[in-house]
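Single-letter residue listing:
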Amino acid sequence: MDYIQEYNSPLGSITIASDEASVTGIWFENSRFFSKALSGKYINQATAAAEQAVHWLDIYFNNKIPDFTPPLLLKGTDFRMTVWKMLLDIPYGETVSYGDIAKAIAKRRGIEKMSAQAVGNAVGHNPISIIVPCHRVVGSKGSLTGYGGGIKRKKELLRLESNAAALAKLK
């Protein structure tokens, strides 16, 4: 069974989806692939996993760096899973390009080349935004391209992280 819970962020309403044990989705309202991960049957009710996500988001939106990750359940093709796991390795307050991820995957697989566009497609279908930080992926030369929650929100998330990272360095 799927459960959903609404979260009011400074950047708009966010839906958190979970099952009994893990967070399965986080989407801003009007996101491109909103609710694709839901089974179709869901209850509007908080779960322990969703409450952990709420706590994580509270810390995040208060300009602090969360020191834990709620339990996550990502479902996708092997390629998408590879990309999404790589997103989790992007340091807070930093960005990488779609091309950087494509090169890393090609190297891991021992192949000459990997499509940055294929990586972009996988990044764009990330069902757990913010915690799985797809907003930290940028185009070549740092250009801000695509974000399911909108470019304006992507800019704000990157600005928030840059401020929090700077504050953390001062401590």
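As a reminder, the structure under discussion sits directly above these lines.
Our subject in this report is the structure included herewith. (Residues numbered from 1 in each chain as written. Predicted model: local features only at pLDDT ≥ 70, side-chain atom pairs only at ≥ 80, totals over all residues. Heavy atoms only, no water.)

### Quick word on the environment of D67
Relative to the assigned elements, D67 resides in the loop between α1 (48-61) and α2 (78-87). Each C-alpha atom, one on D67 and one on W56, is 8.5 Å from the other, the two residues being 11 residues apart in sequence. (Helix = DSSP H or I, 4+ residues; strand = E, 2+ residues; numbered from the N terminus.)

### As for unusual backbone geometry
Among all residues except glycine, the phi angle is most often negative; among peptide bonds, the trans geometry is most common. In the Ramachandran plot, N63 falls in the positive-phi region, its phi being about 65 degrees despite a non-glycine side chain. Structurally, the position occupied by N63 is in the loop between α1 and α2. A residue is classified by how much of its surface remains accessible, and N63, at 28% relative accessible area, is partly exposed. (Buried < 20%, exposed > 50% of the residue type's maximum accessible area, 1.4 Å probe, protein only.)

### A word on the pattern of salt bridges
The final tally for this structure, using the stated rule, is three salt bridges. One salt bridge connects E29 with R153, and the closest N-O pair in it is separated by 4.0 Å. One end of the pair, E29, is in the loop between β3 (23-28) and β4 (42-44); the other, R153, is in helix α5 (residues 151-170), with 124 residues separating them in the sequence. For E29, a relative accessible area of 38% corresponds to the partly exposed category. The exposure class of R153 is buried, given its relative accessible area of 16%. Residues E156 and R159 are paired through a salt bridge, measuring 2.4 Å at the closest nitrogen-oxygen approach. Of the two residues, E156 and R159 are both situated in helix α5; the distance of three residues between them amounts to about one turn of the helix. Residue classification places E156 among the partly exposed positions, given a relative accessible area of 30%. Among the residues examined, R159 registers a relative accessible area of 46% and is labelled partly exposed. (Salt bridge = Lys/Arg side-chain N within 4 Å of Asp/Glu carboxyl O.)

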